[in-house]
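Structural overview
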Amino acid sequence: MDLDYGKCWDTSKKDSWKTLLLLAYQSLGVVYGDLSISPLYVYKSTFAEDIKHSETNEEIFGVLSFVFWTLTLVPLFKYVFIVLRADDNGEGGTFALYSLICRHAKVSILPNRQVSDEALSTYKLEHPPEKKSRSKVKMYLEKHKFLHTALLILVLLGTCMVIGDGLLTPAISVFSAVSGLEFSLSKEHHQYAVLPITCFIIVCLFALQHYGTHRVGFLFAPIVVIWLLCISALGLYNIIHWNPHVYQALSPYYMFKFLKKTRKGGWMSLGGILLCITGSEAMFADLGHFSYAAIQIAFTFLVYPALILAYMGQAAYLSQHHPTSYRIGFYISVPDSVRWPVLIIAILASVVGSQAIISGTFSIINQSQSLGCFPRVKVIHTSDKIHGQIYIPEINWLLMILCVAVTIGFRDTKHLGNASGLAVMTVMLVTTCLTSLVIILCWRKPPIVALCFLFFFGSIELLYFSASLTKFREGAWLPILLALFLMTIMFVWHYATIRKYEFDLHNKVSLEWLLALGPSLGIARVPGIGLVFTDLTSGIPANFSRFVTNLPAFHKILVFVCVKSVPVPHVPPDERYLVGRVGPAAHRSYRCIVRYGYRDVHQDVNSFESELVDKLADFIHYDWYRTSRTNSCTDDDVPRSNASSNECRLAVIGTIEFSGAPAFELEDSVQPASVSGGFPTVESVTDLIEMEPVRSGKRVRFAIDDESETDTQNEVELQMREELGDVMAAQEAGTAFILGHSHVCAKQGSSFLKRLALNFGYNFLRRNCRGPDVALKVPPGSLLEVGMVYVV
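For clarity, every value in this text was computed on a predicted model and none was experimentally measured. (Residues numbered from 1 in each chain as written. Predicted model: local features only at pLDDT ≥ 70, side-chain atom pairs only at ≥ 80, totals over all residues. Heavy atoms only, no water.)

1. Some words on the overall build of the protein chain
As a reminder, the rule being used: We count a stretch as a helix when DSSP gives it H or I for four or more residues in a row; a strand needs E for two or more, and each element gets its number in order from the N terminus. A 1.4 Å probe rolled over the protein chains alone gives each residue an accessible area, and that area as a share of the maximum for its type sets the label: buried under 20%, exposed over 50%, partly exposed in between. By definition in these notes, contact holds between two residues if any of their heavy atoms fall within 4.5 Å. For the accessible areas, the method is Shrake-Rupley and the probe is 1.4 Å, while residue cover comes only from the protein chains on display.
When helices and strands are tallied, the protein chain shows 24 helices and 11 strands. Here the protein chain holds 792 residues, and 58% of them are scored as buried. Considering only contacts in the protein chain between residues 6 or more positions apart, those separated by 24 or more positions represent 83%. Accessible area of the protein chain: about 32,400 Å², with a carbon and sulfur share of 62%.

Have a look at this one:
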């Protein structure tokens, strides 16, 4: 079993310098595209209206000092040295922090959780669970249910702001790059050229998304490297040529002088200065594609010094030139002889930076779906080799329309910068709050350490956040409005999903009811396989009883399928399927639980039906082998809390070889199961998990221990082959996918908000978004929908 599934690097071995430098080089095109293009618009946004550049140069030196220390404290100290270490199996981002917290404290509100999920190889804890002394913070979080909801809302807020950044970054990046044409065209031509060219580039950028990042990814790193070297060279030229003593402005004293002179105007201008750290969150969010050391090397030795030189060079030029605020910008400090090449490189770099945040938006929406917090959308893999590169058509075209609309509506860097700054700073505040919880719950550090981290970095980010918030009427309203809209959709969808699950849980039917169905009640068993999809991990769902009531027949092979998410980034394929029986073997009814991580894409199997049948056959091999040695489903085997949930143990079906000395011989090549130890779920179902070394693709041969048992073994083998034959015959007869077509309505007497959310909001989203058949890749000709009304 691959314990490092989903990681691109191995922490148990030191990376060679060659591999490390290659990863660092590749990270430049994916991680640092957004951060590296910030010199295009930082000074222009800062000096837009709030402060003026005077002859004393105190303003420009103060801004440079703020930029230097902001870049040093937030991306370098906070992210590179602290936050990047809070990875979840090598994955980073808001959901990685939430996943870590949920695994170390019982604060998750995801339904259908099972204790057996903790046996996953990717369900790693930095420290074993505390038994004697428990953290007071952990106990307080677990005790108060409203904090679980508050934590989820915080994560959703960060998610919404990332989506907002995916809308705003292409607009401000491309617009700022194209605005360099003002120095090469007349004012009239510039006025009518910049906007159409910007919109055209944005449309082309989104139109190419369906090809996937990997098709053009080989160009990204060279473009960013050329851009970083370009701004470094320009910075050095301006420093040497115009003001070699500009380095003195790096002293924090100039920040104090800046605020003392500009007062309220200087504080409000911080909303432009904070744009120098846009894209810093990408270092953590894209951690899963690169190693910690690679990202650290790339930022420390190339990106950070290149940005500092670029900002110092611009400040050196402006200190000897005092143009009007309208003329302050990146291109004014570029010599005329190289302005056109720099313009072309800047446009290419802005496209690369925009591409990274768009891909990140697709990824985070897919993760939101895994949490049950976003309506179903079609997710498409764009790479057969690289896991996690996805494309979402609906989101792509919606982002394109909104991005073009925002560009046309704002038409200037100031308003776009105000909107982008607020979104970026909100995401950073959310990351700071979640990381402080990780420090206490996961790293087991004293609360005072987490408080110091929260106070130090939180105060810096709150200062910038307050400055951005004052620009509400000047563009900052857009991310707030977008976040409110998206959070409403997410919360309504999640609330309805939880209520539906609770309804199914309380209305499931007993196993005895299923076993009693037969010819005596006029119920027929028809050829084929019936896959009944449900959110329940135990019991018979109500939609199946409704199906049998309206159509008195069901298939000879019946499989109750539950597709669920677990709080880990990836679930290895060998541990994805949990399979067990529902009732005795003669009934031919089974349960299959398919587990995915929050970064897994559910449509990663070309034929779910074929995969499921293969896992079913492997389970039958295992179960009959177990039967030959011990009774597979007895009162001693399975703890039974109540008669309605009597089900046999579930087995993890992968490519794991049987252990022990089996008692009969098989000539067929099989892929056995991995099993060991019982784990009761929250619904009193017992799972059986056992981890053995992977030896896939081997033929399993069993030796006979005792000749006196030959007759029994032969009988067991015959029964096993008969059951396998029934499964194969049912597969040839055809497979039906039985899904619930749900309509949710609030109970009588419910509050107005609940009726509005369920009767109108959720049902509207359900009707106008993708159905579960699309998410599960169900062939339209094999779909059977069962109408269900959920009164919650």
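2. Observations concerning a nonpolar patch on the surface
Our working rule: Residues enter patches when their relative accessible area tops 30% and they take part in no salt bridge; the joining distance is 9 Å for like charges and 5 Å for the nonpolar side chains Val, Leu, Ile, Met, Phe, Trp and Tyr. Only one rule defines a salt bridge in this text: a Lys or Arg side-chain nitrogen within 4 Å of an Asp or Glu carboxyl oxygen.
Together, F752, L753, L756 and F760 make up a nonpolar patch on the protein surface, roughly 470 Å² of accessible area in all. On the secondary structure map, F760 appears in helix α23 (residues 752-768). Residue F760 is classed as exposed on the basis of its relative accessible area, which comes to 56%.

3. Concerning the environment of P252
When you line up the elements, P252 lands in the loop between α9 (213-242) and α10 (253-262). Note on P252: relative accessible area 40%, which makes it partly exposed. Separated by 188 residues in the primary sequence, P252 and L64 have C-alpha atoms spaced 10.0 Å apart. Those residues in contact with P252 that sit more than four places away from it in its chain are S65 and W69.

4. Looking at the packing of helix α4 (residues 58-81) against helix α17 (residues 447-469)
Test applied: The axes are straight lines fitted to the C-alpha atoms, using for helices just the contacting stretch, and the angles between their N-to-C directions are given from 0 to 180°. With respect to orientation, any angle under 35 degrees is reported as roughly parallel, any angle over 145 as roughly antiparallel, any angle of 65 to 115 as roughly perpendicular, and every other angle as oblique. Crossing handedness is read from the near helix: turned anticlockwise from the far helix by less than a right angle, it gives a left-handed crossing, and turned clockwise, a right-handed one. When residues are sorted by character, Ala, Val, Leu, Ile, Met, Phe, Trp, Tyr, Cys and Pro go into the nonpolar class, Asp, Glu, Lys and Arg into the charged class, and all the rest, Gly among them, into the polar class.
Where α4 contacts α17, the two axes come as close as 12 Å, and the packing angle between them is 135 degrees. Relative to α17, the element α4 is oriented oblique. The interaxial crossing formed by α4 with α17 has left-handed handedness. Only F453, F456, F457, I460, E461 and Y464 of α17 make contact with α4, whose side of the interface consists of F66, T70, L73, V74, F77 and K78. Of the residues belonging to the contact of α4 with α17, the class tally is nine nonpolar, one polar and two charged.

5. Focus: the packing of aromatic side chains
Rule in force here: Each Phe, Tyr or Trp ring (for Trp, its six-membered ring) is paired with any other whose centre lies within 6.5 Å, and the angle between the two planes then decides the class: stacked below 30 degrees, edge-to-face above 60, tilted in between. Working rule: Lys NZ or Arg CZ, within 6 Å of ring centre, within 35 degrees of ring normal, means a charge sits over the ring.
Evaluated as defined, the whole model comprises 22 aromatic pairs. Look at F503 and Y790: their rings are 5.0 Å apart centre to centre, the planes differ by 65 degrees, and that puts the pair in the edge-to-face class. One end of the pair, F503, is in helix α18 (residues 477-506); the other, Y790, is in strand β11 (residues 783-791), and 287 residues separate them in sequence. Looking at F503, the relative accessible area reads 18%, which means it is buried. On the basis of relative accessible area, Y790 is assigned to the buried category, the value being 7%. Members of the aromatic cluster, connected to one another through ring pairs, are W513, F544, F547, F554 and F560. A cation sits over an aromatic face here: R103 above Y123, 5.3 Å from the ring centre.

6. A short note on the pattern of salt bridges
Following the criterion strictly, the structure yields 13 salt bridges and no others. Of the charged contacts, one joins R581 and D623 as a salt bridge, the two residues approaching to 2.6 Å between their closest N and O atoms. Here R581 is found in strand β5 (residues 577-581), whereas its partner D623 is found in helix α21 (residues 608-629), with 42 residues between them in sequence. By relative accessible area, R581 is classed as buried at 3%. A cluster of three or more residues bridged by salt bridges with shared partners is formed by E58, E59, K257 and K261.

7. Description of the pairing of strand β10 (residues 735-745)
Our working definition: In this scheme, strands are said to pair when DSSP sees at least two bridges between them.
Burial of β10 is extensive: eight of the 11 residues sit out of reach of the surface. In the sheet, strand β3 (residues 524-533) pairs with β10 via four bridges, with the strands oriented parallel. Across the sheet, L531 pairs through a bridge with F737, a residue of β10. As paired strands, β10 and β11 are joined by nine bridges and run parallel to one another. The partner of V744 across the bridge, within β11, is Y790.

8. Looking at the pairing of strand β4 (residues 553-565)
A large share of β4 lies buried, amounting to 12 of its 13 residues. As defined by bridge partners, β4 adjoins strand β6 (residues 589-596) across eight bridges and the pair is classed as parallel. In the strand pairing of β6, F560 is matched with R591.

9. Considerations on helix α7 (residues 145-178)
Condition: The span one expects for a helix is its residue count, reduced by one, times 1.5 Å.
Across its 34 residues, α7 extends 50 Å between first and last C-alpha, which sits within 8% of the 50 Å expected from 1.5 Å per residue. Judged by how many residues are buried, α7 sits mostly within the fold: 27 of 34 residues are covered.

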